[in-house]
Amino acid sequence: MCTKIVIYFNWQPNSLRGKIIFAEIEEMTAKDFIPKKYSEEIREGKVFWQSPSNIALVKYWGKRENQIPANPSVSFTLDYCKTTTSLAFRKKEKPSADFDFELFFEDEKKESFRPKIEQFFKRIEAYLPFLKEYSFTIHTSNSFPHSSGIASSASGMSALALCLMSLEKQRIPDMNEDYFNRKASFLARLGSGSACRSIEGELVVWGAHETEGSSDLFGVKYPYEVHENFKDYQDVILLVDKGEKQVSSTVGHDLMNGHPFAEQRFEQAHENLIKLRDIFKSGDLVAFTEVVESEALTLHAMMMSSRPYFLLMKPNTLAIINKIFNFRLKTGLHPCFTLDAGANVHLLFPKKEKEAILNFIEEELVEHCQDGQYIKDEVGAGAKKI
Ligand code: DP6
(Lines give C-alpha, C1' and ligand atoms only; values in the text may rest on other atoms or scores of the structure.)
Protein backbone atom coordinates (compact mmCIF):
# COMPACT_ATOMS: atom_id res chain seq x y z
CA MET A 1 0.00 0.00 0.00
CA CYS A 2 2.69 2.36 1.09
CA THR A 3 4.86 1.46 -1.92
CA LYS A 4 1.94 2.14 -4.24
CA ILE A 5 1.61 5.68 -2.94
CA VAL A 6 5.31 6.35 -3.40
CA ILE A 7 5.22 5.03 -6.95
CA TYR A 8 2.22 7.21 -7.79
CA PHE A 9 4.02 10.31 -6.54
CA ASN A 10 7.13 9.40 -8.51
CA TRP A 11 5.26 8.74 -11.70
CA GLN A 12 2.96 11.73 -11.80
CA PRO A 13 4.30 14.48 -9.61
CA ASN A 14 3.20 17.34 -11.86
CA SER A 15 -0.20 16.06 -12.82
CA LEU A 16 -0.98 15.36 -9.17
CA ARG A 17 0.23 18.82 -8.16
CA GLY A 18 -1.89 20.28 -10.96
CA LYS A 19 -4.97 18.45 -9.78
CA ILE A 20 -4.51 19.69 -6.22
CA ILE A 21 -4.04 23.30 -7.33
CA PHE A 22 -6.98 23.18 -9.71
CA ALA A 23 -9.28 21.52 -7.17
CA GLU A 24 -8.53 24.44 -4.86
CA ILE A 25 -9.09 27.20 -7.41
CA GLU A 26 -12.24 25.62 -8.83
CA GLU A 27 -13.87 26.36 -5.51
CA MET A 28 -13.03 30.06 -5.65
CA THR A 29 -15.56 32.75 -6.57
CA ALA A 30 -15.30 36.52 -7.08
CA LYS A 31 -16.50 36.96 -3.48
CA ASP A 32 -13.20 35.51 -2.25
CA PHE A 33 -11.54 38.69 -3.48
CA ILE A 34 -13.65 41.07 -1.40
CA PRO A 35 -11.51 41.90 1.63
CA LYS A 36 -13.12 41.38 5.02
CA LYS A 37 -11.22 44.05 6.88
CA TYR A 38 -7.92 45.88 6.81
CA SER A 39 -5.71 45.43 9.83
CA GLU A 40 -3.29 48.26 9.01
CA GLU A 41 -3.78 51.95 8.41
CA ILE A 42 -1.38 53.06 5.63
CA ARG A 43 -1.17 56.83 5.05
CA GLU A 44 1.25 57.17 2.16
CA GLY A 45 3.89 55.38 0.17
CA LYS A 46 5.09 54.31 -3.24
CA VAL A 47 5.37 50.89 -4.88
CA PHE A 48 7.00 49.76 -8.14
CA TRP A 49 6.27 46.77 -10.36
CA GLN A 50 7.58 45.55 -13.66
CA SER A 51 5.17 43.32 -15.57
CA PRO A 52 5.68 41.55 -18.88
CA SER A 53 3.58 41.07 -21.96
CA ASN A 54 2.50 37.56 -22.96
CA ILE A 55 1.83 35.70 -26.17
CA ALA A 56 -1.16 33.38 -26.38
CA LEU A 57 -0.75 29.89 -27.87
CA VAL A 58 -4.46 29.12 -27.56
CA LYS A 59 -6.20 32.44 -28.12
CA TYR A 60 -8.74 34.26 -26.00
CA TRP A 61 -11.21 35.68 -28.50
CA GLY A 62 -14.74 36.36 -27.37
CA LYS A 63 -15.93 37.28 -23.89
CA ARG A 64 -19.00 37.51 -21.73
CA GLU A 65 -20.01 40.09 -19.15
CA ASN A 66 -17.44 41.05 -16.50
CA GLN A 67 -14.48 40.05 -18.63
CA ILE A 68 -15.32 36.34 -18.48
CA PRO A 69 -13.61 34.63 -21.42
CA ALA A 70 -15.71 32.65 -23.89
CA ASN A 71 -12.99 29.98 -24.00
CA PRO A 72 -9.86 28.99 -22.10
CA SER A 73 -6.45 30.18 -23.29
CA VAL A 74 -2.80 29.50 -22.52
CA SER A 75 0.20 31.76 -23.07
CA PHE A 76 3.93 32.09 -22.74
CA THR A 77 4.88 34.97 -20.46
CA LEU A 78 7.51 37.15 -22.14
CA ASP A 79 10.63 38.60 -20.62
CA TYR A 80 11.86 41.67 -22.49
CA CYS A 81 8.56 43.33 -23.50
CA LYS A 82 7.29 44.81 -20.26
CA THR A 83 5.79 47.82 -18.52
CA THR A 84 7.31 49.47 -15.47
CA THR A 85 4.80 51.22 -13.24
CA SER A 86 5.09 53.16 -10.01
CA LEU A 87 2.11 54.00 -7.86
CA ALA A 88 2.43 56.76 -5.25
CA PHE A 89 -0.47 56.99 -2.82
CA ARG A 90 -1.54 59.42 -0.14
CA LYS A 91 -4.57 58.99 2.12
CA LYS A 92 -7.04 61.87 2.05
CA GLU A 93 -8.91 63.39 4.98
CA LYS A 94 -12.06 61.76 3.71
CA PRO A 95 -12.90 59.62 0.67
CA SER A 96 -13.77 61.56 -2.50
CA ALA A 97 -16.82 61.02 -4.69
CA ASP A 98 -14.65 60.19 -7.73
CA PHE A 99 -11.37 58.36 -8.21
CA ASP A 100 -8.49 60.71 -7.66
CA PHE A 101 -5.43 59.93 -9.81
CA GLU A 102 -2.88 61.48 -12.15
CA LEU A 103 -1.28 59.43 -14.88
CA PHE A 104 2.09 59.91 -16.57
CA PHE A 105 3.35 57.88 -19.51
CA GLU A 106 7.09 58.21 -20.06
CA ASP A 107 7.02 61.23 -17.72
CA GLU A 108 4.37 63.05 -19.68
CA LYS A 109 0.87 63.54 -18.41
CA LYS A 110 -1.39 61.25 -20.42
CA GLU A 111 -5.01 62.36 -20.41
CA SER A 112 -5.90 59.93 -23.20
CA PHE A 113 -5.28 56.95 -20.85
CA ARG A 114 -7.69 58.33 -18.22
CA PRO A 115 -10.95 56.74 -19.42
CA LYS A 116 -9.41 53.25 -19.47
CA ILE A 117 -8.02 53.63 -15.93
CA GLU A 118 -11.26 55.21 -14.74
CA GLN A 119 -13.19 52.21 -16.11
CA PHE A 120 -10.66 49.83 -14.53
CA PHE A 121 -11.04 51.49 -11.10
CA LYS A 122 -14.82 51.28 -11.40
CA ARG A 123 -14.67 47.57 -12.18
CA ILE A 124 -12.33 46.76 -9.30
CA GLU A 125 -13.72 49.10 -6.63
CA ALA A 126 -15.81 46.35 -4.99
CA TYR A 127 -12.61 44.31 -4.51
CA LEU A 128 -10.39 47.20 -3.38
CA PRO A 129 -12.81 49.32 -1.35
CA PHE A 130 -10.07 51.77 -0.32
CA LEU A 131 -9.63 53.22 -3.82
CA LYS A 132 -11.52 56.47 -3.16
CA GLU A 133 -9.69 57.01 0.13
CA TYR A 134 -6.41 57.78 -1.63
CA SER A 135 -5.03 60.13 -4.23
CA PHE A 136 -2.74 58.27 -6.64
CA THR A 137 0.09 59.27 -8.95
CA ILE A 138 0.86 56.65 -11.56
CA HIS A 139 4.03 56.68 -13.68
CA THR A 140 4.35 54.13 -16.40
CA SER A 141 6.74 53.29 -19.24
CA ASN A 142 7.31 50.42 -21.66
CA SER A 143 10.50 48.60 -22.62
CA PHE A 144 9.33 48.34 -26.22
CA PRO A 145 9.01 51.29 -28.62
CA HIS A 146 5.76 53.24 -28.33
CA SER A 147 4.85 52.86 -31.99
CA SER A 148 5.63 49.20 -32.51
CA GLY A 149 2.08 47.94 -32.94
CA ILE A 150 2.57 45.92 -29.75
CA ALA A 151 -0.39 46.21 -27.41
CA SER A 152 0.68 47.27 -23.95
CA SER A 153 -2.61 46.56 -22.20
CA ALA A 154 -1.50 43.15 -20.87
CA SER A 155 1.73 44.44 -19.33
CA GLY A 156 0.25 47.83 -18.37
CA MET A 157 -2.88 46.57 -16.64
CA SER A 158 -1.05 43.77 -14.84
CA ALA A 159 1.62 46.19 -13.58
CA LEU A 160 -1.04 48.54 -12.21
CA ALA A 161 -3.02 45.68 -10.64
CA LEU A 162 0.16 44.48 -8.92
CA CYS A 163 0.92 47.98 -7.57
CA LEU A 164 -2.60 48.17 -6.10
CA MET A 165 -2.15 44.71 -4.61
CA SER A 166 1.10 45.83 -2.98
CA LEU A 167 -0.83 48.62 -1.28
CA GLU A 168 -3.51 46.14 -0.19
CA LYS A 169 -0.83 43.81 1.13
CA GLN A 170 0.55 46.61 3.30
CA ARG A 171 -2.94 46.82 4.80
CA ILE A 172 -3.22 43.02 5.22
CA PRO A 173 0.37 41.95 5.97
CA ASP A 174 -0.41 38.26 6.44
CA MET A 175 -1.80 37.84 2.90
CA ASN A 176 -0.11 34.80 1.33
CA GLU A 177 1.66 34.75 -2.03
CA ASP A 178 -0.87 32.52 -3.82
CA TYR A 179 -3.74 34.77 -2.82
CA PHE A 180 -1.73 37.86 -3.79
CA ASN A 181 -1.00 36.48 -7.27
CA ARG A 182 -4.53 35.21 -7.84
CA LYS A 183 -6.10 38.48 -6.80
CA ALA A 184 -3.57 40.50 -8.87
CA SER A 185 -4.51 38.36 -11.88
CA PHE A 186 -8.22 38.67 -11.07
CA LEU A 187 -7.93 42.48 -10.96
CA ALA A 188 -5.73 42.63 -14.08
CA ARG A 189 -8.38 40.62 -15.95
CA LEU A 190 -10.93 43.29 -15.17
CA GLY A 191 -8.60 45.82 -16.84
CA SER A 192 -7.79 43.69 -19.88
CA GLY A 193 -8.47 39.97 -20.22
CA SER A 194 -5.06 38.89 -21.45
CA ALA A 195 -3.40 40.92 -18.64
CA CYS A 196 -4.41 38.22 -16.16
CA ARG A 197 -1.87 35.91 -17.85
CA SER A 198 1.07 38.28 -17.15
CA ILE A 199 1.49 37.93 -13.38
CA GLU A 200 3.45 34.68 -13.38
CA GLY A 201 5.61 32.76 -15.81
CA GLU A 202 6.35 30.79 -17.84
CA LEU A 203 3.17 29.22 -19.10
CA VAL A 204 -0.14 30.51 -17.79
CA VAL A 205 -3.60 29.10 -18.31
CA TRP A 206 -6.79 31.12 -17.93
CA GLY A 207 -10.41 30.13 -18.43
CA ALA A 208 -12.57 27.31 -17.15
CA HIS A 209 -11.97 23.96 -18.80
CA GLU A 210 -13.78 20.74 -18.08
CA THR A 211 -10.75 18.56 -17.56
CA GLU A 212 -8.05 21.15 -16.90
CA GLY A 213 -9.88 22.65 -13.93
CA SER A 214 -8.57 26.20 -14.57
CA SER A 215 -10.59 29.30 -13.71
CA ASP A 216 -12.44 32.01 -15.62
CA LEU A 217 -11.58 34.45 -12.85
CA PHE A 218 -7.80 34.55 -13.03
CA GLY A 219 -4.79 33.01 -14.71
CA VAL A 220 -2.65 30.36 -13.01
CA LYS A 221 0.81 29.08 -13.65
CA TYR A 222 0.46 25.98 -15.80
CA PRO A 223 0.81 23.23 -13.18
CA TYR A 224 1.54 20.15 -15.31
CA GLU A 225 4.72 18.71 -16.73
CA VAL A 226 6.61 20.80 -19.28
CA HIS A 227 9.32 19.21 -21.43
CA GLU A 228 12.83 20.69 -21.62
CA ASN A 229 12.15 21.69 -25.25
CA PHE A 230 9.81 24.42 -24.03
CA LYS A 231 12.15 25.90 -21.44
CA ASP A 232 13.65 29.25 -22.52
CA TYR A 233 11.50 29.28 -25.65
CA GLN A 234 12.32 32.23 -27.91
CA ASP A 235 9.90 34.76 -29.39
CA VAL A 236 11.06 37.17 -32.07
CA ILE A 237 8.40 39.76 -32.85
CA LEU A 238 8.59 40.77 -36.49
CA LEU A 239 7.14 44.27 -36.76
CA VAL A 240 5.23 44.24 -40.02
CA ASP A 241 2.97 47.12 -39.10
CA LYS A 242 3.91 49.55 -36.36
CA GLY A 243 0.71 51.58 -36.57
CA GLU A 244 -2.24 51.73 -34.21
CA LYS A 245 -4.41 48.61 -34.03
CA GLN A 246 -6.97 48.53 -36.84
CA VAL A 247 -9.54 46.84 -34.62
CA SER A 248 -9.60 47.42 -30.86
CA SER A 249 -9.84 44.25 -28.80
CA THR A 250 -13.21 45.38 -27.42
CA VAL A 251 -14.61 45.54 -30.95
CA GLY A 252 -12.84 42.29 -31.87
CA HIS A 253 -14.22 40.27 -28.96
CA ASP A 254 -17.64 41.67 -29.66
CA LEU A 255 -17.51 40.27 -33.19
CA MET A 256 -17.77 36.80 -31.67
CA ASN A 257 -21.28 37.57 -30.39
CA GLY A 258 -23.60 36.06 -32.95
CA HIS A 259 -20.67 34.88 -35.09
CA PRO A 260 -21.85 31.88 -37.17
CA PHE A 261 -18.80 29.78 -36.19
CA ALA A 262 -18.43 30.96 -32.58
CA GLU A 263 -19.54 27.78 -30.82
CA GLN A 264 -17.29 25.51 -32.91
CA ARG A 265 -14.40 27.87 -32.31
CA PHE A 266 -14.87 27.90 -28.53
CA GLU A 267 -15.03 24.11 -28.56
CA GLN A 268 -11.86 23.94 -30.66
CA ALA A 269 -10.00 26.05 -28.08
CA HIS A 270 -10.95 23.50 -25.40
CA GLU A 271 -9.67 20.66 -27.61
CA ASN A 272 -6.44 22.48 -28.42
CA LEU A 273 -5.75 22.96 -24.73
CA ILE A 274 -6.05 19.21 -24.21
CA LYS A 275 -3.72 18.58 -27.17
CA LEU A 276 -1.19 21.04 -25.75
CA ARG A 277 -1.16 19.26 -22.42
CA ASP A 278 0.24 16.13 -24.12
CA ILE A 279 2.57 18.22 -26.28
CA PHE A 280 4.02 20.15 -23.32
CA LYS A 281 4.71 16.82 -21.68
CA SER A 282 6.22 15.01 -24.67
CA GLY A 283 8.10 17.99 -26.14
CA ASP A 284 6.68 17.27 -29.63
CA LEU A 285 7.64 20.42 -31.56
CA VAL A 286 5.89 19.40 -34.78
CA ALA A 287 2.58 18.89 -33.00
CA PHE A 288 3.16 22.15 -31.09
CA THR A 289 3.56 24.05 -34.36
CA GLU A 290 0.38 22.55 -35.76
CA VAL A 291 -1.75 23.64 -32.80
CA VAL A 292 -0.20 27.09 -32.41
CA GLU A 293 -0.28 28.08 -36.07
CA SER A 294 -3.80 26.77 -36.49
CA GLU A 295 -4.89 28.86 -33.47
CA ALA A 296 -3.39 32.01 -35.02
CA LEU A 297 -4.99 31.40 -38.40
CA THR A 298 -8.34 30.56 -36.80
CA LEU A 299 -8.28 33.85 -34.89
CA HIS A 300 -7.82 35.69 -38.19
CA ALA A 301 -10.37 33.48 -39.93
CA MET A 302 -12.88 34.49 -37.25
CA MET A 303 -12.24 38.13 -38.06
CA MET A 304 -12.47 37.53 -41.79
CA SER A 305 -15.80 35.76 -41.40
CA SER A 306 -17.50 38.13 -38.94
CA ARG A 307 -19.83 41.02 -39.72
CA PRO A 308 -18.33 43.52 -40.23
CA TYR A 309 -15.29 41.57 -41.46
CA PHE A 310 -11.63 42.56 -41.07
CA LEU A 311 -8.49 41.51 -42.82
CA LEU A 312 -5.66 42.21 -40.39
CA MET A 313 -2.80 40.41 -42.12
CA LYS A 314 -0.69 42.43 -44.55
CA PRO A 315 1.12 41.14 -47.66
CA ASN A 316 4.31 41.07 -45.57
CA THR A 317 2.60 38.90 -42.92
CA LEU A 318 1.85 36.31 -45.61
CA ALA A 319 5.32 36.61 -47.16
CA ILE A 320 6.85 35.87 -43.75
CA ILE A 321 4.51 32.93 -43.10
CA ASN A 322 5.33 31.37 -46.48
CA LYS A 323 9.05 31.75 -45.88
CA ILE A 324 8.65 30.06 -42.50
CA PHE A 325 6.90 27.10 -44.17
CA ASN A 326 9.72 26.80 -46.73
CA PHE A 327 12.47 27.17 -44.15
CA ARG A 328 10.94 24.40 -42.06
CA LEU A 329 10.77 22.05 -45.02
CA LYS A 330 14.34 22.84 -46.05
CA THR A 331 15.99 22.62 -42.63
CA GLY A 332 13.79 20.42 -40.44
CA LEU A 333 14.06 23.12 -37.75
CA HIS A 334 11.04 24.31 -35.76
CA PRO A 335 10.24 28.00 -36.14
CA CYS A 336 6.51 28.41 -35.59
CA PHE A 337 4.47 31.56 -36.05
CA THR A 338 1.62 33.03 -34.12
CA LEU A 339 -0.34 36.26 -34.58
CA ASP A 340 -2.37 38.52 -32.38
CA ALA A 341 -5.18 40.68 -33.73
CA GLY A 342 -2.82 42.52 -36.07
CA ALA A 343 -0.23 42.09 -38.81
CA ASN A 344 2.90 41.52 -36.69
CA VAL A 345 4.30 38.00 -36.57
CA HIS A 346 5.60 36.31 -33.42
CA LEU A 347 8.18 33.72 -34.37
CA LEU A 348 8.51 31.08 -31.66
CA PHE A 349 11.32 28.55 -31.54
CA PRO A 350 13.40 26.46 -29.11
CA LYS A 351 16.57 28.03 -27.75
CA LYS A 352 18.80 25.33 -29.24
CA GLU A 353 17.78 26.53 -32.73
CA LYS A 354 18.42 30.19 -31.95
CA GLU A 355 21.51 30.78 -34.04
CA ALA A 356 20.14 29.25 -37.25
CA ILE A 357 16.78 30.97 -36.89
CA LEU A 358 18.24 34.39 -36.10
CA ASN A 359 20.31 34.03 -39.30
CA PHE A 360 17.16 33.11 -41.20
CA ILE A 361 15.43 36.21 -39.82
CA GLU A 362 18.31 38.47 -40.84
CA GLU A 363 18.68 36.92 -44.28
CA GLU A 364 15.06 36.41 -45.27
CA LEU A 365 12.52 38.01 -42.95
CA VAL A 366 13.87 41.45 -42.04
CA GLU A 367 13.04 42.75 -45.52
CA HIS A 368 9.35 42.26 -44.68
CA CYS A 369 9.50 44.21 -41.41
CA GLN A 370 8.63 47.89 -41.27
CA ASP A 371 11.93 49.82 -41.09
CA GLY A 372 13.62 46.40 -40.77
CA GLN A 373 12.58 46.28 -37.12
CA TYR A 374 12.05 43.26 -34.90
CA ILE A 375 12.20 42.60 -31.16
CA LYS A 376 14.02 39.64 -29.63
CA ASP A 377 12.21 38.25 -26.64
CA GLU A 378 11.94 34.97 -24.80
CA VAL A 379 9.86 33.25 -22.18
CA GLY A 380 10.12 34.88 -18.77
CA ALA A 381 9.34 34.20 -15.15
CA GLY A 382 6.60 36.79 -14.64
CA ALA A 383 6.20 40.16 -12.96
CA LYS A 384 8.79 41.55 -10.54
CA LYS A 385 8.50 43.96 -7.65
CA ILE A 386 11.28 46.55 -7.87
C1 DP6 B 1 -5.84 38.40 -29.79
O2 DP6 B 1 -6.87 41.08 -23.62
O3 DP6 B 1 -6.57 42.82 -25.40
O4 DP6 B 1 -4.36 39.02 -28.05
O5 DP6 B 1 -10.05 41.90 -22.54
O6 DP6 B 1 -10.81 43.47 -24.31
O7 DP6 B 1 -8.70 43.94 -23.06
P8 DP6 B 1 -9.65 42.88 -23.61
O9 DP6 B 1 -8.88 42.08 -24.73
P10 DP6 B 1 -7.36 41.68 -24.87
O11 DP6 B 1 -7.50 40.54 -26.00
C12 DP6 B 1 -6.38 39.85 -26.44
C13 DP6 B 1 -6.73 39.03 -27.60
C14 DP6 B 1 -5.57 38.37 -28.30
C15 DP6 B 1 -5.46 36.89 -27.91
C16 DP6 B 1 -4.90 36.58 -26.55
O17 DP6 B 1 -4.02 37.31 -26.06
O18 DP6 B 1 -5.32 35.56 -25.99
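Residues numbered from 1 in each chain as written. Predicted model: local features only at pLDDT ≥ 70, side-chain atom pairs only at ≥ 80, totals over all residues. Heavy atoms only, no water.

**Q** Would you mind going over the nonpolar core in detail, with residue names and values included?
**A** Counting residues in each nonpolar core, the largest one holds 71 residues, and the members touching the most others are L57, F121, F136, L164 and F288. Excluding its chain neighbours within four sequence positions, the residues that come into contact with L164 are L87, F120, F121, I124, L128, F130, L131 and F136. With 22 residues, the next largest nonpolar core counts F337, A343, F349 and I361 among its residues. (Core = buried A, V, L, I, M, F, W, Y, C linked by side-chain atoms within 4.5 Å. Buried < 20%, exposed > 50% of the residue type's maximum accessible area, 1.4 Å probe, protein only. Contact = heavy atoms within 4.5 Å.)

**Q** Could you give me a rundown of the sheet that holds strand β12 (residues 345–349), with the residues and numbers involved?
**A** Strand pairs in the sheet, formed through backbone hydrogen bonds, run parallel or antiparallel to each other. If you trace the four strands from one edge of the open sheet to the other, you get β11-β12-β10-β13, paired in antiparallel fashion. The sheet terminates laterally at β11 (336–339) and β13 (374–378), the two strands that pair on one side only. Each strand of the sheet is rotated relative to its neighbour by a mean of 25°, with strand direction disregarded. Of the pairings in the sheet, the one linking strand β10 (residues 234–238) to β12 comprises five bridges and is antiparallel in character. Directly across from L238, in β12, lies its bridge partner V345. Most of the contacts of helix α10 (residues 354–365) go to β12, to which it runs at about 155°, and overall it touches β10, β12 and β13. (Pairing = 2+ DSSP bridges. Helix = DSSP H or I, 4+ residues; strand = E, 2+ residues; numbered from the N terminus. Axes fitted to C-alpha atoms, helices over the stretch in contact; angles between N-to-C directions.)

**Q** Just give me the short version of the site of the ligand, but keep the residues and values in it.
**A** By nearness alone, 16 residues border the ligand, and Y60, K63, S192, G193 and S194 come closest of all. S194 is positioned with one of its side-chain polar atoms (N or O) 2.6 Å from an oxygen atom of the ligand. The separation between an oxygen atom of the ligand and a polar side-chain atom of D340 is 3.4 Å. Its residues placed into classes, the shell around the ligand shows five nonpolar, seven polar and four charged. (Near = heavy atom within 4 Å. Polar contact = N/O pair within 3.5 Å; in protein donor to acceptor, adjacent residues only side chain to side chain. Nonpolar A, V, L, I, M, F, W, Y, C, P; charged D, E, K, R; others polar.)

**Q** I'd like a rundown of the packing of aromatic side chains, residues and numbers included.
**A** Enumeration according to the criterion identifies 25 aromatic pairs in this entry. Judged by centre distance (5.8 Å) and plane angle (90°), the rings of F33 and F218 are edge-to-face. Remark: F218 occurs in the loop between β8 (203–206) and β9 (220–221) and F33 occurs in the loop between α2 (13–26) and β1 (44–58); sequence separation between them is 185 residues. For the pair F33 and F218, a shared accessibility class is recorded, and that class is buried. On the basis of an interplanar angle of 65° and a centroid distance of 5.5 Å, the ring pair of F99 and F121 is categorised as edge-to-face. One end of the pair, F99, is in the loop between β4 (73–91) and β5 (100–105); the other, F121, is in helix α3 (residues 114–124), and 22 residues separate them in sequence. A residue is classified by how much of its surface remains accessible, and F121, at 0% relative accessible area, is buried. (Phe/Tyr/Trp six-rings, centres within 6.5 Å; stacked < 30°, edge-to-face > 60°.)

**Q** Please provide a residue-by-residue account of the confidence of the model for the protein chain, values included.
**A** The pLDDT averaged across the protein chain works out to 93; a share of 94% of its residues lies at or above 70. Long-range and interchain partners of residues 1–13, a stretch whose pLDDT sits below 50, account for two contacts in this model, where long-range means more than four residues apart. (pLDDT = per-residue confidence, 0-100.)

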